[in-house]
Amino acid sequence: MGGSHSREDIDLTSSDEEEEYDEDYDARSPISDPAASAGQRDDDLLRAATPASLEAIDAKLRSLDLKYQHPTAAKLYLHVGGASSSARWVLDERRATYAFVDKASDDSSSTRWFLEIGPGPRVSAPVDSALQLKANPAQRRADFAAGGSVWALRLPTDAEFRRFRVDYERCLFENTYGVEATDEGRKEVFGADFAAWARPDEADDAVWADAQESLNPPVTAPMRDLLEEFEEEAGDGESIQSLALGALDNSFVVGSSGIQVVKNFHQGLHGKGASVRISGARGGSTSAYSTPKKALLMRGETNMLLMSPGEAMRSNGVHHVDIETGKVVAEWQFQKDGTEIAMRDIANESKGAQLEPSGSTFLGLDDNRLCRWDMRDARGRVQTIGSSSESPVLNWSQGHQFSRGTNFQCFASTGDGSIVVGSVDGKIRLYSKSSMRMAKTAFPGLGSPITHVDVTYDGKWILGTTDTYLILICTIFKDKDGKEKTGFSGRMGNRISAPRLLKLTPLDAILAGTDNKFHGGQFSWVTENGKQEKHLVATVGKFSVIWNFQQVKDSNHECYRDQQGLKSCYCYKVVLKDESIVDSRFMHEKFAAGDSPEAPLVVATPMKVSSFSIANRR
């Protein structure tokens, strides 16, 4: 486990090399030195140049062999030692120059703008979110990840640092959206209603401030530690695929060959030997559990729906498990108008639906479908288990099959049954509980597919997961009568605030492992009106990353000072495992112990399930 960003925020000016550089730079006066005077003229030319010509101009200036340090020359540092005690920054290039190079005409690249740092160039990387670029204005430096390494570029003047940030944001926008970074281009991407997303520096933060004031006062206690309480082995060569956490007595570990039942305690999950092991499909078949994708608890957590992916990660049906007997009691098919269809994902009707003892409906999602399935036979006949070889058909009770182009990827429901859907194009759509036909609000994408989405119980906050960052969206707005609503119940129009991004520092993005993509970002779990989620958690490689929800919403949080573009939060805690993490989730808030502000965090790797509690200790 580790802290947040202190490892790479070491002040570069504290090194002997940097002190020498600063004194050297200040001692040279371009006015008193004839060579420097010539260099000043070249500097004026450089400032007027386009980014595409910077490399050529820098090469020309270097060929003059002038005896001064050009103002655009920077220092390039390389981070070595990883997370070890010997980790440090080393000076890689004393007189590096940078350029944003336009490679649009290069047939070998589909990306237009590249950041190149020379000579060499030493670094050449596309300008995109994978750089994980983090600006540090106080030190005039930009940290980023490229080529499997972590770098820091330190600019010599505040003006040059500002220029670098402006050029970077412009190139990032154009690479992401494929249009020029002009007012017209931003309007084309975001539309008139999302001006705050197009120009977040000019956006009104009042919605975030109002939302913050509606909660309890900010926690002023020191950062708390994560203490490991329990660790369970998967056993029998089992490979854990996912978790199905219960709010009552038990939770469930979905493995490659079955489901193990574990007990819920205030310290976490424990005691898998105390319950039955569920395996095998109806009729003795075990194929249903070969590659389980999702386990959905229902009917007071006495029943479970198990979906196994087939072709293109979709399933043509679900297996209905009676947890009390450990038996598969039905194999339901997805059909509409007599035609078999497939689903990408399934979800509960609402945040607390699994606790309802008589629930028979659940939600389904595919690329262009959003629907509600009913397990009660539309023909009024209940299948007799074991007497029929034909699987019963789920009743399509409500939904819509969109024409084309929605590219739905993931979804989640609120406490009242409203639905949020994330798409491959990055859009996030909000549907009211009464209609699946037309979204009340559709948030534009930021250029990255939404791979997972979650929403708070009250529907006021949405958390979208992409490969390289999380996006936190506030759905609160006030209608024309001044009444507070959410984007699920009304059209937000142009009263939409800018979102916030949750990111890893460049160093942690590398340390997380080779498969360092975010997945499964979600809020801590509450199922009662008036209860507020306290944390956010996501998995990336070997890391479970936890953010304090209230800290992220605080407009005065230190991470947001001197930032350009959408505000990004880098203050988090990390749970580090020896292997890639399958899933990370907080248990239900009822399991928060008296000395802990939060329910235990459950972290699953392919071979183990660990539980952590947040302790009130210094």
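Described below are features of the structure shown in this document.

The rules we used
Residues numbered from 1 in each chain as written. Predicted model: local features only at pLDDT ≥ 70, side-chain atom pairs only at ≥ 80, totals over all residues. Heavy atoms only, no water. Helix = DSSP H or I, 4+ residues; strand = E, 2+ residues; numbered from the N terminus. Buried < 20%, exposed > 50% of the residue type's maximum accessible area, 1.4 Å probe, protein only. Contact = heavy atoms within 4.5 Å. Areas by Shrake-Rupley, 256 points an atom, 1.4 Å probe, with all protein chains shown as cover. Pairing = 2+ DSSP bridges. Core = buried A, V, L, I, M, F, W, Y, C linked by side-chain atoms within 4.5 Å. Salt bridge = Lys/Arg side-chain N within 4 Å of Asp/Glu carboxyl O. Arc of directions from axis to C-beta. Phe/Tyr/Trp six-rings, centres within 6.5 Å; stacked < 30°, edge-to-face > 60°. Lys NZ or Arg CZ within 6 Å of the ring centre and 35° of its normal. Polar contact = N/O pair within 3.5 Å; in protein donor to acceptor, adjacent residues only side chain to side chain.

## Some details on the overall build of the protein chain
Of regular secondary structure, the protein chain possesses nine helices and 41 strands. Counting the 618 residues in the protein chain, one finds 53% classified as buried. Restricting the contact set of the protein chain to residue pairs at least 6 apart, pairs at least 24 apart contribute 59%. Total accessible area on the protein chain is roughly 27000 Å²; 46% of this is exposed by carbon and sulfur atoms.

## Regarding the sheet that holds strand E33 (residues 500-502)
An order of E28-E29-E30-E33-E37 is seen for the five strands of this open sheet, with the pairing classed as mixed. On the outer flanks of this sheet lie strand E28 (452-455) and strand E37 (568-569), each paired with one strand and no other. As judged from the four bridges shared by E28 and strand E29 (residues 461-465), these two strands associate in the antiparallel manner. Considered in E29, the bridge of His-452 is made with Thr-465.

## Things to note about the nonpolar core
Counting 29 residues, the largest nonpolar core has Trp-197, Val-420, Ile-428, Phe-443, Leu-446, Ile-462 and Ile-471 as its most contacted members. Looking at this core, the elements with two or more residues in it are helix H6 (195-198), strand E24 (408-413), strand E26 (428-431), E28 and strand E30 (470-474). No other element matches the three residues that H6 contributes to this core. Formed by 28 residues, the second largest nonpolar core is a distinct cluster that contains Leu-463, Leu-470, Ile-476 and Leu-504.

## Some points on the pattern of salt bridges
Counting across every chain of the model gives 25 salt bridges. A salt bridge links Asp-374 to Arg-376; the shortest N-O distance between them is 2.8 Å. Judged by relative accessible area, which is 8%, Asp-374 ranks as buried.

## Section: helix H5 (residues 183-190)
Gly-185, Arg-186 and Phe-190 are the residues of H5 that are buried. Looking down the long axis of H5, one finds its buried residues gathered within 110 degrees of arc, a one-sided arrangement. Exposed residues lying more than 90 degrees from the buried face of H5 are Glu-184, Lys-187 and Glu-188. As for H5, its buried residues are in contact with helix H4 (158-177) and H6.

## Brief notes about the packing of aromatic side chains
Enumeration over the complete set of coordinates arrives at 15 aromatic pairs. Judged by centre distance (5.5 Å) and plane angle (65 degrees), the ring pair of Trp-547 and Tyr-572 falls under edge-to-face. Here Trp-547 is found in strand E36 (residues 543-548), whereas its partner Tyr-572 is found in the loop between E37 and strand E38 (573-576), with 25 residues between them in sequence. Both residues of the pair, Trp-547 and Tyr-572, belong to the buried class. Through a chain of ring-to-ring contacts, three or more aromatic side chains come together here, namely Tyr-98, Phe-100 and Phe-164. Here Arg-170 stacks its cationic end above the ring of Trp-113, 5.0 Å away from the centre of that ring.

## Quick notes on the pairing of strand E1 (residues 74-80)
The buried count for E1 comes to six of seven residues, which makes it a mostly enclosed element. Note that E1 and strand E2 (residues 88-102) share six bridges and pair antiparallel. Bridged to Leu-76 within E2 is Glu-93. Note: E1 against strand E7 (residues 149-154), four bridges, orientation antiparallel. The residue bridging Leu-76 from the neighbouring strand is Leu-153, located in E7.

## Comments concerning the environment of Asp-416
Tracing the chain through its elements places Asp-416 in the loop between E24 and strand E25 (419-423). For the pair Asp-416 and Gly-352, spaced 64 residues apart in the sequence, the C-alpha separation amounts to 8.9 Å. Engagement of the side chain of Asp-416 in a polar contact is seen with the side chain of Thr-414, the distance being 2.5 Å. Among the polar contacts made by the side chain of Asp-416, one reaches the side chain of Ser-418 at a distance of 3.0 Å.

## Concerning unusual backbone geometry
In most cases, non-glycine residues show a negative phi, while peptide bonds are predominantly trans. Of the consecutive residues Gly-118 and Pro-119, the connecting peptide bond is found in the cis state with omega at 5 degrees. With respect to the element layout, Pro-119 can be found in the loop between strand E3 (113-118) and strand E4 (123-126). We note that Asp-337 has phi near 55 degrees; this positive angle belongs to a residue other than glycine.

## Thoughts on the environment of Phe-194
When you line up the elements, Phe-194 lands in the loop between H5 and H6. Look at Phe-194 and you get buried, because its relative accessible area is 8%. Along the chain, Phe-194 and Gly-493 lie 299 residues apart, while their C-alpha atoms are 8.4 Å from each other.

## Remarks on the side chain of Glu-598
Mapped onto the fold, Glu-598 is located in the loop between strand E39 (583-586) and strand E40 (601-604). A distance of 3.3 Å separates a polar atom in the side chain of Glu-598 from a polar atom in the side chain of Ser-524. A distance of 2.9 Å separates polar atoms of two side chains, one belonging to Glu-598 and the other to His-535. If we skip the residues at most four places from it in the chain, Glu-598 touches Ser-524, Lys-534, His-535, Phe-586, Ala-592 and Ile-614.

## A closer look at the pairing of E30
Of all five residues that make up E30, five are buried, and the element is covered over most of its length. Pairing between E29 and E30: five bridges, direction antiparallel. The partner of Thr-465 across the bridge, within E30, is Leu-470. Sheet topology note: the E30/E33 ladder contains three bridges and is antiparallel. Note on E33: the bridge partner recorded for Leu-470 is Leu-502.

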